Amino acid sequence: MAAESNETLAELRQRFAPASGQLEPDVAAELQSIMRMHQLSVQDLYFKWESYGIKMGMDDFKASIDTLRAFKQTLQDDLERSARSHPAVKSERRSAPTPRVAKSGGDVFGMLDGLTTPGPGRGARPGPKKTPASRARVGVGVGAEPPSSSPMKVEDHLNAMGAIPPSSFADRANPGEVLEVFNEKLDPAEPPIAPFPEPRIKLTATSDQRKLAYKGLAMKLSEASEILDDRIDDFTALVAQHHKLDDSAFGNPASQGTTEIVAVGRIASDSPEGKLNAASLVLETSRATGNGLRVPLNLSRLPTYHFFPGQMVALRGVNSSGRDFTVHQILQVPPLPCAASPPDVLASHLERLRGGPDVMDDDDAPPPAPLTLLFASGPYTADDNLDFEPLHALCSDAADQLVDVLVLAGPFLDAEHPLLASGDFDLPPDAVHDPDTATMATVFRHLVAPALQRVAAANPAATILLVPSVRDLVDKHVAWPQDVFPRKELGLPRSARVVGNPMTLNINEMVLGVSAQDALWELRHEELVGGGVGGADALTRVSRYLIEQRHYFPLFPPTDRRKLPKTGVAAEIGGGGVPPGAMLDVSYLKLGEMVNVRPDVLVVPSALPPFAKVVDSVLVINPGYLSKRKAAGTYAKMTLYPPSQEALAKVEEGMVAHRIFDRARVEITRI
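The rules behind each value
What you see as residue numbers is a count from 1 along each chain, following the sequence as written. With the structure being a predicted model, the display of local features is reserved for residues of pLDDT at least 70 and the display and counting of side-chain atom pairs for 80 or more, all residues being used for whole-chain, interface and lining totals. Only hydrogens and water are set aside; all other atoms, that is, all heavy atoms of the structure, feed into the side-chain values. UniProt positions are given in the numbering used here, feature names are shortened, and annotations may be inferred rather than shown by experiment. Salt bridge, as used here, is a side-chain nitrogen of Lys or Arg placed within 4 Å of a carboxyl oxygen of Asp or Glu. Strands here are runs of E lasting at least two residues and helices are runs of H or I lasting at least four, both read from the DSSP assignment and numbered beginning at the N terminus. For this analysis, a polar contact is any N or O atom pair within 3.5 Å, provided that within protein one partner can donate a hydrogen and the other can accept it, and provided that sequence-adjacent residues contribute only side-chain to side-chain pairs. Buried, partly exposed and exposed residues are distinguished by accessible area as a fraction of the type maximum, computed with a 1.4 Å probe on protein chains only: under 20%, between the cut-offs, and over 50%, respectively. In this scheme Phe, Tyr and Trp rings, the latter by its six-membered ring, pair at centre separations within 6.5 Å, and the angle between planes marks the pair as stacked below 30 degrees, edge-to-face above 60, and tilted otherwise. In this scheme, Lys NZ or Arg CZ marks a charge over a ring once it lies within 6 Å of the ring centre and within 35 degrees of the ring normal.

Within an unreviewed UniProt entry, the label attached to the protein reads DNA polymerase alpha subunit B, and the organism entered is Remersonia thermophila. UniProt annotates the protein under Subcellular location (unreviewed entry) with the comment "Nucleus". You can read under Sequence similarities (unreviewed entry) in the UniProt record for the protein the words "Belongs to the DNA polymerase alpha subunit B family."

Asker: Explain the pattern of salt bridges here, please?
Answerer: Opposite charge on two side chains makes pairing possible when the charged atoms of those side chains draw close. For the structure on display, the rule yields 19 salt bridges. Glu593 is paired through a salt bridge with Lys590; the nearest N and O atoms lie 3.5 Å apart. Salt bridges sharing partners connect three or more residues here, namely Arg231, Asp234, Lys590 and Glu593.

Asker: What is the right way to read the side chain of Asn252 from this model?
Answerer: Of note, Asn252 is situated in the loop between helix H6 (221–243) and strand S4 (261–269). Here the side chain of Asn252 touches Ala254 through a polar contact of 3.0 Å, landing on its backbone nitrogen.

Asker: Before we go on, may I ask you to explain unusual backbone geometry in this structure?
Answerer: Trans is the prevailing form of peptide bonds, just as negative phi is the prevailing case for residues other than glycine. Across the junction of Gly378 and Pro379, the peptide omega takes the value 10 degrees, indicating a cis bond. In this structure, Pro379 sits in the loop between strand S11 (371–377) and helix H10 (389–401). In this model, Asn501 is joined to Pro502 through a cis peptide bond whose omega is 5 degrees. The backbone of Asp616 shows a phi angle near 55 degrees, a positive value even though the residue is not glycine. Along the chain, Asp616 turns up in the loop between strand S20 (611–615) and strand S21 (618–622). Judged by relative accessible area, which is 28%, Asp616 ranks as partly exposed.

Asker: Teacher, can you tell me more about the packing of aromatic side chains here?
Answerer: For any two aromatic rings, the description comes down to two numbers: the centre-to-centre distance and the angle of the planes. A complete count under the given rule lists 9 aromatic pairs for this structure. Arranged with centres 5.8 Å apart and planes meeting at 20 degrees, the rings of Tyr305 and Phe307 form a pair that is stacked. On the basis of relative accessible area, Phe307 is assigned to the buried category, the value being 1%. Between the aromatic rings of Phe412 and Phe444, the centroid separation amounts to 6.2 Å while the plane-to-plane angle is 75 degrees, which identifies the pairing as edge-to-face. Residue Phe412 is found in the loop between strand S12 (405–409) and helix H11 (418–422), and its partner Phe444 is found in helix H12 (residues 440–447); the two are separated by 32 residues along the sequence. The class of Phe412 is buried, set by a relative accessible area of 3%. Look at Phe444 and you get buried, because its relative accessible area is 0%. These aromatic residues form a ring-pair network of at least three members: Tyr380, Phe412, Phe444 and Phe485. The residue whose ring lies beneath Arg172 is Phe169, and the NZ or CZ to ring-centre distance is 3.9 Å.

As structure tokens, this is what we get:
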């Protein structure tokens with residue numbers, strides 16, 4: 001028992017201790033008390049604490065005795081309210097009152113959906129109930145594993161207590177509830193009376209999608225090191241140009257000297273194990289500026305700082321001792337310019353929204369209707385079935401509202417789904433296929449494609465964009481940056497287009513950046529924050545990392561797969577399964593960079609709470625996951641108003657900033 005207690009304390013120090021590495025005895029005792037009361041592991045407790053901290057707007061997530069007592073009371077209050085609300089929920093192993101969703105329609109963590117009685121709203125898509133006897137059996141798996149658990153770890157504990165009763169998608173709580181509205185001053189779009197005869201958008205790719213078709217599993221160490229080295233040199237040139245510095249201002253931070261220099265390099269840790277902290281922080285130099293050496297950083301003179309592994313930084317300081325580089329100032333890394341277009345280009349897009357030049361010349365014509373866009377991310381079905389009810393519900397909404405653009409990020413057929421992993425599932429009874437030659441393309445055609453075809457049939461002018469994920473079973477290219485998956489045999493409608501992961505697109509004038517890789521979660525859990533952070537909340541801060549670093553996944557190395565939330569199959573192998581992780585191909589990380597300008601809209605699905613925020617003139621949207629594996633999830637709806645014709649008339653030449661954040665309304669909505 002003593003050895004087990006010491007192991008628990010060591011894990012608590014690793015998760016909750018500040019940069020000094022010490023955990024106060026009363027803090028450790030309070031953490032152990034919460035673990036005993038709620039029967040939690042250290043990892044589950046940490047994820048609950050992180051979720052609570054994000055909801056409460058905590059900056060440094062420092063665990064003090066006061067904050068822990070408030071956290072403990074919040075958990076207890078939520079469980080007691082749930083016990084009063086759900087007296088009918090029974091459990092053979094109950095160690096605490098049964099939790100429920102708060103009266104406001106949400107809960108402390110935003111992850112306990114489906115625990116209340118069903119509210120009013122549309123149910124699941126109509127259709128006959130499927131039974132094994134009425135279906136055609138297909139066996140195409142990647143490994144036999146049992147069903148899975150929640151990605152956020154909160155429901156793992158509740159399910160173990162028997163607190164989550166079996167419920168169908170039709171019984172989900174508060175379907176259609178708007179959780180957050182960005183730019184509430186703008187009116188929501190009214191669905192048109194009839195579909196538009198032609199697409200109202202012009203879609204162009206900013207990224208070179210052909211370069212994503214590289215050969216995977218062929219990475220050479222020499223190529224990978226050159227890519228990492230070149231990135232440091234590129235940022236050195238950017239810093240020199242932005243701050244107007246001569247070559248003499250730069251130096252080798254690993255060399256002893258008394259002269260203050262500017263050092264540009266990559267943040268790293270001196271140990272492959274454990275979380276980044278002030279004691280393990282080092283600066284990795286390029287071969288040109290510092291012979292590729294790593295030097296420890298002394299941050300004692302900085303009032304505030306926030307770093308993460310792989311971050312490109314420019315530091316002004318001195319190495320007078322020869323042992324470490326004392327940082328005096330962190331220089332700003334210049335951001336990409338904001339997106340802008342000539343007035344005549346914006347006028348042509350406005351003309352397209354109106355329906356053509358003839359309508360444009362009519363002074364009595366009403367203003368053009370705004371564009372409507374929906375953003376969603378997989379998983380698209382619960383862990384206990386392959387009915388894809390959340391996807392069908394989303395596509396029904398898209399068809400009813402006659403949306404202009406539907407952007408869906410993978411995974412579509414999730415390699416982490418227990419049924420897909422085992423291959424023990426059934427296709428619909430009307431599926432015509434040969435069981436001996438069935439592939440995952442067959443499964444996609446019969447389970448996923450019908451929902452997309454419904455959107456195309458209701459609105460032929462709609463554009464559907466599919467972004468793959470490294471967990472997609474229909475894509476043979478599983479490294480990130482990721483190539484498109486082939487359309488052949490998937491049964492996609494003609495209006496559906498498959499793009500790369502990540503991808504930068506132009507939808508009319510709007511520059512849209514989208515990546516199915518969950519960079520925000522990993523950045524949040526790997527960052528090192530010291531002192532205050534200027535009032536920025538955690539979600540804004542991790543979003544700014546992407547924009548400042550000009551990359552869709554700036555973290556390097558990525559989070560250890562063993563530390564990622566165990567979901568789906570990984571959570572069912574006695575807790576010893578390992579999620580797929582980031583799957584980076586370092587030789588091609590340059591394909592993950594933002595191109596020329598910063599996006600107007602950046603869509604980055606994440607396990608963090610869904611949000612829509614303006615960060616450095618970029619509208620960052622996390623739509624959340626459409627299915628939380630055991631509960632319904634969320635998606636984002638954008639209403640984009642066109643620029644006013646009067647404003648365009650005032651600008652005769654030059655460039656006009658898009659300022660999408662001023663004319664876009666975003667709603668985070670429960671499916």
